[in-house]
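Here is how the chains run, residue by residue.
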Amino acid sequence: TPAPKESEMAAVTVPDETIAVNSPVYSFSEKSSLLWPVEGDIILGYNMDKTIYFPTLDIYRCNPAVVISAEAGEPVLSSAPGVVEEIYTDNEIGTAVKVSVGDGYEVIYGQLSNLQVGVSEHIEAGRVIGYATEPTKYYSKEGTNVYFKLLKEGAAVDPMLYLIEK
C-alpha cells in the first residue's frame with residue numbers, strides 16, 4: 001500500500017502534559033507507623049512545648065526532631081515508603097534526605113553519608129537511604145547520631161507517636 005499523501009493525513013494534536021503512569025501514591029495518617037531508622041537510643045527527644053538541653057551548644061531550646069544514637073557507618077533505613085523529595089546539606093544536621101510519605105507528611109533524615117537514594121526516587125520502608133556519619137559541630141558531644149524529623153504540612157510532629165516499639 002502506498003503511503004498516504006500529505007493532503008490525506010489528519011492532524012493530531014497531543015496535549016503538552018506529562019502524565020505519571022503507574023506512579024505509586026503514598027498514604028500516611030495519624031494511624032500510620034514508622035520503622036526506626038537505626039536501632040540506637042534517643043539522645044535528644046522531641047519537644048516543641050519546652051526547651052531541652054543541647055550539650056554541645058550548651059543551651060536550652062525546643063527540638064523539632066529526635067536525635068538517635070548510631071554507630072558511624074551504620075545503615076540508616078527508610079521509616080516508611082515514599083518518594084525522595086530533596087537531598088541537601090545543612091550546617092546543623094549535615095547531609096539530609098527529605099522523603100514525602102503521603103498526605104502532607106514528610107520525613108527528614110540528617111547526619112548521613114554515602115547516600116543510596118536520589119531525588120525523585122521511590123523507596124520502600126526498610127530501604128537503606130544512607131549511612132550514619134560523624135556528627136556536625138552542633139552535635140559533637142552527643143556523638144554519632146541520626147537526626148530524625150517528621151513534618152505534617154511543614155509543621156514538626158512528634159515522631160515518637162509513630163515509631164514502632166522496639
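Described below are features of the structure shown in this document. (Residues numbered from 1 in each chain as written. Predicted model: local features only at pLDDT ≥ 70, side-chain atom pairs only at ≥ 80, totals over all residues. Heavy atoms only, no water.)

Now for unusual backbone geometry. The backbone of Gln111 sits at a positive phi, close to 70 degrees, despite the residue not being glycine. Locating Gln111 in the fold gives a position in strand 8 (residues 105–113). Judged by relative accessible area, which is 1%, Gln111 ranks as buried. (Helix = DSSP H or I, 4+ residues; strand = E, 2+ residues; numbered from the N terminus. Buried < 20%, exposed > 50% of the residue type's maximum accessible area, 1.4 Å probe, protein only.)

What follows is about the pattern of salt bridges. Taken as a whole and assessed by the stated rule, the structure comprises four salt bridges. With a closest N to O distance of 2.9 Å, Glu30 and Lys152 form a salt bridge. With Glu30 in the segment before strand 1 (42–44) and Lys152 in strand 11 (residues 145–152), this residue pair connects regions lying 122 residues apart in the sequence. One salt bridge connects Glu86 with Lys98, and the closest N-O pair in it is separated by 3.7 Å. (Salt bridge = Lys/Arg side-chain N within 4 Å of Asp/Glu carboxyl O.)

Quick look at the environment of Leu57 now. Assignment of secondary structure puts Leu57 in the loop between strand 2 (47–54) and strand 3 (59–63). A relative accessible area of 26% places Leu57 in the partly exposed class.

A few words now on the pairing of strand 4 (residues 66–69). Taken together, the two bridges between strand 1 and strand 4 define a ladder with antiparallel strand orientation. Bridged to Leu44 within strand 4 is Val67. Across four bridges, strand 4 lies against strand 11 in antiparallel orientation. Within strand 11, the residue paired with Ser69 across the bridge is Asn145. (Pairing = 2+ DSSP bridges.)

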